[in-house]
Amino acid sequence: MNKVKWLADNEKSVLVNNFEKRGWVRGTSDDEDWNFFWTSVHTTRCIFNLDSGIRLNDDQIINHFPNHYELTRKDLLVKNIKRYRKELEKENSPLMEKDDNCRYIHMDFIPVTYILPADYNIFVEEFRKNPTSTWIMKPNAKGKKCVSYSLYIAVPLVHVVVY
């Protein structure tokens, strides 16, 4: 059995030590027959862009993929799931089956989500219908130098207005 050949675009000791501990072999930047490539988001975008035409082989994996934020950012994940639901509805897919209360049977796995400020009025309407509900808010970190992973529990509407 061949040893795994790895590449990395940085020299983080935790990575190198783990790869070496597994007996993996380090490749060079000229190698095309690597198996595992630890890349930064920037490197991934540069290497695997549409213009380069470079694609992974069946035996190659990387730790990032182009446009990964479409799944890892909660607001974009919701947007993409909603888009997928619409496509399935157009195709009359059995996955879009609903119960007697008009709720999806198979595709009802994400909570009701509002992206503020765009959905603010819709959110306020729902908030007022259910004043005792608890709402979880995750602020968007756009334009901030340090990313905040804080979640806020918003019970009175005034807490939402702040953001």
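Residues numbered from 1 in each chain as written. Predicted model: local features only at pLDDT ≥ 70, side-chain atom pairs only at ≥ 80, totals over all residues. Heavy atoms only, no water.

**Looking at the environment of valine 78**
Locating valine 78 in the fold gives a position in helix α4 (residues 74-90). Assessed through its relative accessible area of 9%, valine 78 is described here as buried. For the pair valine 78 and tyrosine 114, spaced 36 residues apart in sequence, the C-alpha to C-alpha distance is 9.4 Å. Excluding residues that lie within four positions of it along the chain, valine 78 makes contacts with Ile110 and Thr113. (Helix = DSSP H or I, 4+ residues; strand = E, 2+ residues; numbered from the N terminus. Buried < 20%, exposed > 50% of the residue type's maximum accessible area, 1.4 Å probe, protein only. Contact = heavy atoms within 4.5 Å.)

**Remarks on the nonpolar core**
Ranked by size, the top nonpolar core spans 6 residues in total: Tyr114, Phe123, Val124, Phe127, Trp135 and Leu157. In terms of residue count, helix α5 (residues 120-129) provides more of this core than any other element does, 3 residues in total. (Core = buried A, V, L, I, M, F, W, Y, C linked by side-chain atoms within 4.5 Å.)

**Details of empty space enclosed by the protein**
According to the stated counting rule, one finds 1 cavity of 30 Å³ or more in the structure shown. What the largest cavity holds in volume is close to 30 Å³. Considering the residues around the largest cavity, the lining is formed by Val41, Thr44, Arg45, His64, Phe65, Pro66, Asn67, His68 and Tyr69. Here the lining of the largest cavity is composed, by residue class, of 4 nonpolar, 4 polar and 1 charged. (1 Å grid on protein atoms, 1.4 Å probe; cavity = no way out; pocket = protein on both sides within 12 Å on 5 of 7 lines; lining within 4 Å. Points joined across faces, edges and corners; volume = space filled by probe spheres on them. Nonpolar A, V, L, I, M, F, W, Y, C, P; charged D, E, K, R; others polar.)

**Here's the deal with the pattern of salt bridges**
Counting across every chain of the model gives 4 salt bridges. The salt bridge involving glutamate 11 is made with arginine 26; its shortest N-O contact spans 2.4 Å. Residue glutamate 11 is located in the loop between β1 (5-8) and α1 (13-21), and its partner arginine 26 is located in strand β2 (residues 25-26); the two are separated by 15 residues in the primary sequence. Judged by relative accessible area, which is 56%, glutamate 11 ranks as exposed. Taking relative accessible area as the criterion, arginine 26 reaches 41% and is therefore assigned partly exposed. (Salt bridge = Lys/Arg side-chain N within 4 Å of Asp/Glu carboxyl O.)

**Regarding the sheet that holds strand β3 (residues 36-38)**
The strand order β2-β1-β3-β4 describes an open sheet built from 4 strands, whose pairing is parallel. With one partner strand each, in any of the chains shown, β2 and β4 (61-62) form the two edges of the open sheet. Where β3 lies against β4, 2 bridges are found, and the strand directions are parallel. Across the sheet, the residue bridging to phenylalanine 36 is isoleucine 61, located in β4. (Pairing = 2+ DSSP bridges.)

**Some thoughts on the pairing of β1**
Where β1 and β2 come together, 2 bridges link them in parallel fashion. Bridge pairing in β2 places lysine 5 opposite valine 25. Chirality of the crossover, the property in question, places the unit of β1, α1 and β2 among those that are right-handed. For β1 and β3, the ladder comprises 3 bridges, and the chain directions are parallel. By the bridge assignment for β3, tryptophan 6 is matched with phenylalanine 36. (Right-handed = clockwise from strand over helix to strand, strands pointing away.)

**Structural notes on the confidence of the model for the protein chain**
Confidence along the protein chain averages 81 in pLDDT terms, with 85% of residues attaining 70 or more. When pLDDT is averaged over each helix and strand of the protein chain, the minimum, 64, is found for strand β6 (residues 152-154) and the maximum, 93, for β2. (pLDDT = per-residue confidence, 0-100.)

**What about the packing of aromatic side chains?**
A complete count under the given rule lists 8 aromatic pairs for this structure. Taking 5.4 Å as the distance between ring centres and 70° as the angle between the ring planes, the aromatic pair formed by tryptophan 34 and phenylalanine 37 counts as edge-to-face. By relative accessible area, which is 8% here, tryptophan 34 ends up buried. A residue is classified by how much of its surface remains accessible, and phenylalanine 37, at 9% relative accessible area, is buried. Here the aromatic rings of phenylalanine 36 and tryptophan 38 are separated by 6.2 Å at their centres, their planes lie at 45°, and the arrangement is tilted. (Phe/Tyr/Trp six-rings, centres within 6.5 Å; stacked < 30°, edge-to-face > 60°.)

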